[in-house]
Amino acid sequence: MAWAIDLPLDGKFTIGGDCLCFFEGKEVPWEDRLRHAWRHELTEEQKSYTAYHGEEYYYPFQAQNKFSIGARYPDLAGPIWDHEIPHVYVLSHPKQSIQPFSFAQGMDMILHEKALKIWRSLEPEANFAFPLELRTKRGKVYEGPFYGVAVRQLRDALLLDRTSYEAKMLIERPYYKVVDWDTGKGRMAISAQSRGGAHLWRDQRFAYPKLFMSDELREALLAAEIPLHRMYRIEEV
């Protein structure tokens, strides 16, 4: 058994905010840091990735996508480079507390260290996590440590003959979506062999659901009393 993760648009599991980067001893807006890198640091080879169209205008948007759904197409935008990693996340609206397993604008999720440790105990090297300070606009820092996470582990595990889906073309590639998956009525099945022991992953072909979790990871998080947003059960064969 596995699980499709329902990403919340708002509520206690969602954190809205803006990213900042440290640059030359100062905190600068994340997009300003990226534009500076485009003009002064990126090589012509780095700029040549298809997603950027060779233009500065496209770079911040596609670089942000590396931390979320764009991770399905690493050949279009390249790996995550050091200067693209944010260091501070400033919340749009203050929260009394942050859930240890939360979702954020501009990246897949934000995890407290205790949630990260549980996940890392199952797959130490998978995906991409980086330290991230969370604070309000007035400077209140939330007690962490917290980490931003980009799920870049890809699997081709959903079984088309046992899944209700629709297919379109996106970025000149097939674009698959499970029909009614976010209502709990969508029919899905994955191959345990193709999952290959992954515990947090995205499917190479399917844009929706965006993220998947193993039953082992879900049970470990719940056993540690870490609240989780809604998920939908998937048959695993």
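Worth saying up front: this structure is predicted, and the values here are computed from it rather than measured.

> Any chance you could explain the layout of surface pockets here in plain terms?
Considered as a void within the structure, the largest pocket measures approximately 510 Å³ in volume. Around the largest pocket, the lining is made up of 23 residues, and of these Leu7, Pro8, Leu9, Ala104 and Lys210 lie nearest the centre. For the lining of the largest pocket, the secondary-structure elements that each account for two or more residues are helix H3 (59–65), strand E6 (101–104) and strand E7 (107–112). Broken down by element, the lining of the largest pocket gets its largest block of residues, 3 residues, from H3.

> Looking at this structure, how should I read the sheet that holds E6?
Hydrogen bonds between backbone groups are what pair the strands of a sheet, and the pairing can be parallel or antiparallel. In spatial order, the strands read E2-E6-E7-E10-E8; together these 5 strands make up an open sheet with mixed pairing. One side of each edge strand has no neighbouring strand; the edge strands of this open sheet are strand E2 (14–15) and strand E8 (128–131). Examined bridge by bridge, E6 and E7 share 3 bridges and lie antiparallel to one another. Of the residues in E7, the one forming a bridge with Ser102 is Ile110.

> Looking at this structure, how should I read the pairing of strand E18 (residues 231–236)?
Note on strand geometry: in a regular strand, side chains alternate between the two faces of the sheet. For strand E1 (residues 2–5) and E18, the ladder comprises 4 bridges, and the chain directions are antiparallel. The residue of E18 that forms the bridge with Ile5 is Met231. Across 2 bridges, the pairing between strand E14 (residues 189–190) and E18 is parallel. Paired with Ala189 across the bridge in E18 is Glu235.

> Just to check I follow, could you spell out the environment of Tyr57 for this structure?
Mapped onto the secondary structure, Tyr57 falls in the loop between helix H2 (44–47) and H3. The exposure class assigned to Tyr57 is exposed, which follows from its relative accessible area of 63%. Sequence-wise, Tyr57 and Trp38 are 19 residues apart; in three dimensions their C-alpha atoms are separated by 9.8 Å.

> Help me understand the nonpolar core in this model?
As a rule of thumb, soluble globular proteins bury nonpolar side chains together. Membership of the largest hydrophobic core comes to 33 residues, with the highest contact counts inside it found for Tyr59, Tyr89, Met107, Ile110 and Leu134. Going through the elements one at a time, strand E3 (17–23), helix H1 (30–40), H3, helix H4 (74–77), strand E5 (88–91), E7 and strand E10 (146–150) are the ones with two or more residues in this core. If we ignore the near neighbours within four places in the chain, the residues touching Leu134 are Ile15, Tyr89, Leu91, Ile98, Ile110, Lys140, Val141, Tyr142 and Phe146. Ile5, Leu111, Ala115 and Leu116 belong to the second-largest nonpolar core, a separate cluster that totals 22 residues.

> Whenever I open this one, the packing of aromatic side chains confuses me. Can you help?
Given two aromatic rings, one states the distance between the centres and the angle between the planes to describe the pair. Applying the stated criterion to the full structure yields 14 aromatic pairs. With a centroid separation of 6.1 Å and an interplanar angle of 55 degrees, the aromatic rings of Tyr49 and Trp81 are classed as tilted. Highlighted residues: Tyr49 in the loop between H2 and H3 and Trp81 in the loop between H4 and E5, separated in sequence by 32 residues. Relative to Tyr176, the ring of Tyr165 has its centre 5.3 Å away and its plane inclined at 55 degrees; by these criteria the two rings are tilted.

Parameters at a glance
Residues numbered from 1 in each chain as written. Predicted model: local features only at pLDDT ≥ 70, side-chain atom pairs only at ≥ 80, totals over all residues. Heavy atoms only, no water. 1 Å grid on protein atoms, 1.4 Å probe; cavity = no way out; pocket = protein on both sides within 12 Å on 5 of 7 lines; lining within 4 Å. Points joined across faces, edges and corners; volume = space filled by probe spheres on them. Helix = DSSP H or I, 4+ residues; strand = E, 2+ residues; numbered from the N terminus. Pairing = 2+ DSSP bridges. Buried < 20%, exposed > 50% of the residue type's maximum accessible area, 1.4 Å probe, protein only. Core = buried A, V, L, I, M, F, W, Y, C linked by side-chain atoms within 4.5 Å. Contact = heavy atoms within 4.5 Å. Phe/Tyr/Trp six-rings, centres within 6.5 Å; stacked < 30°, edge-to-face > 60°.

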